[in-house]
Structure formats: structure tokens, C-alpha cells
Amino acid sequence: MLKEINIRDLKKSPVEMIADDWALLTAGDINDWNTMTVSWGLVGELWGKDVVACFVRPQRHTFGYMERNDTFTLSFFDGEYKKELGICGSKSGRDVDKSKETGFVPIDVDNAVSFEQANVIMVLKKIAACDMTPDSFIDESIMDNYANGDFHKIYIGKVEKVYIKE
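Being a predicted model, the structure only gives us computed values, none of them experimental.

(A) Just the pattern of salt bridges, in detail. Summed over all chains, the structure comprises 8 salt bridges. Two residues, Asp 21 and Lys 12, come together in a salt bridge whose shortest N-O distance is 2.5 Å. Relative accessible area serves as the criterion here: at 25%, Lys 12 is assigned to the partly exposed category. Lys 12 is paired through a salt bridge with Asp 78; the nearest N and O atoms lie 3.9 Å apart. Of the two residues, Lys 12 is situated in the loop between strand S1 (2-5) and helix H1 (14-20) and Asp 78 in the loop between strand S6 (71-76) and helix H3 (82-90); the sequence distance between them amounts to 66 residues. What you see here is one network of salt bridges that share partners, running through Lys 12, Asp 21 and Asp 78.

Right under this line is the structure:
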């Protein structure tokens, strides 16, 4: 059963949740969606709103879903399912059915998609997006992340709801 909470009442650091435990970024609806693993991201306040910033490379299958949809989710698993999260981060939804490959069961959460196994679900409304470009970086060492010139697009989502599994 899911219980709605305020994002400020999360018991675990969002930095730990994203960087150490990883998450699934999912866009689309229950009939047509794609998900990918994320281990980079930002959670904070911007423009008077609680927001999350997610980074997606244009060649990722999820990119098209992010472009076409106004809402998306971040699903967290408290460090469990690292093998399955690895599959979602290394295999493309163009080539495999990630739900079948991982056993993750998709669920509709406020007309967005998350997974039955998730312990924390953030439902986000896309409010801004911008392309990263080489001239964006002051620290030139960041360019080491872009040897192929495949720069991320940043999506900023307003936190609409946060659910925890009870």
C-alpha cells in the first residue's frame, strides 16, 4: 500500500537515494512507457517549488518518452535490486522488455508509471528542460564525461507527490 508524504519528510537523504542506491526514471503511461536507471540527479528548491533535476542523453530510448510526456516518475528501491537496476541502465527498451528482464511490475501512479517493488515513488511534472553544451562547463574536467559528444538534456520536474510503501 502506498502512503503519500511530503518530500521534506523523507527519512533518507535524496543524495544517498540517487547516488548510492540508484533509481528508475520512467516516462510514459501504463500502456506505453520506458524506464532507465539513474545515479545522477538533484533534489532541491527552485523557483519556489520542490524540484528534481534529471539528466538524459538524447540517444537513450527514454529520451523520446521524456520529450513527449509532461509527467515522469523516480522510483527508489533502498539499495535492493541492484542487478535489475543494472539491466535497466545497460539495456535499451528498444531491444528488450525491461519488465520481463527484471521482474519489475509496472503500476499506474497518478497516470504515470512506477513499479510495485519501489519503496519510494516521486511523481514529477516537467516544468523546464535545457540542453547541456560544452560552453556550459567552467570545470573542463567535466568534459571527460562527454568523450563521445553525447551531452545530456536536463529535465526539471516539480514534485507533485511522493509516496512511500507501507
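(B) Up close: a negative patch on the surface. Taken together, the side chains of Glu 4, Asp 29, Asp 32, Asp 108 and Asp 110 present a region of like negative charge at the surface. Within the secondary structure, Asp 108 sits in strand S7 (residues 106-109). Given a relative accessible area of 42%, Asp 108 falls into the partly exposed group.

(C) Inspection of the nonpolar core at higher detail. One finds Leu 10, Leu 25, Leu 74, Phe 76, Met 122 and Val 162 to be the most contacted residues of the largest nonpolar core, which totals 25 residues. Contributions of two or more residues to this core are made by H1, strand S2 (23-29), strand S3 (32-38), strand S5 (49-56), helix H2 (61-68), S6, strand S9 (120-131) and strand S10 (153-165). Those residues in contact with Phe 76 that lie beyond four places of it in its chain are Met 17, Ile 18, Trp 22, Ala 23, Ala 118, Asn 119, Val 120 and Met 122.

(D) Summary view of the side chain of His 152. For His 152, the location among the structural elements is in the loop between S9 and S10. Accessibility expressed as a relative area gives 6% for His 152, which makes it buried. In terms of polar contacts, His 152 uses its side chain to reach the side chain of Tyr 146, at 2.7 Å. Beyond its immediate chain neighbours, meaning those up to four positions away, His 152 contacts Trp 40, Phe 55, Val 56, Arg 57, Asp 131, Met 132 and Tyr 146.

What counts, and where the lines are drawn
- Residues numbered from 1 in each chain as written.
- Predicted model: local features only at pLDDT ≥ 70, side-chain atom pairs only at ≥ 80, totals over all residues.
- Heavy atoms only, no water.
- Salt bridge = Lys/Arg side-chain N within 4 Å of Asp/Glu carboxyl O.
- Buried < 20%, exposed > 50% of the residue type's maximum accessible area, 1.4 Å probe, protein only.
- Helix = DSSP H or I, 4+ residues; strand = E, 2+ residues; numbered from the N terminus.
- Patch = residues over 30% accessible without salt bridge, like charges linked within 9 Å, V, L, I, M, F, W, Y side chains within 5 Å.
- Areas by Shrake-Rupley, 256 points an atom, 1.4 Å probe, with all protein chains shown as cover.
- Lys, Arg positive; Asp, Glu negative; His and termini not counted.
- Charge placed at Lys NZ, Arg CZ, Asp CG, Glu CD.
- Core = buried A, V, L, I, M, F, W, Y, C linked by side-chain atoms within 4.5 Å.
- Contact = heavy atoms within 4.5 Å.
- Polar contact = N/O pair within 3.5 Å; in protein donor to acceptor, adjacent residues only side chain to side chain.

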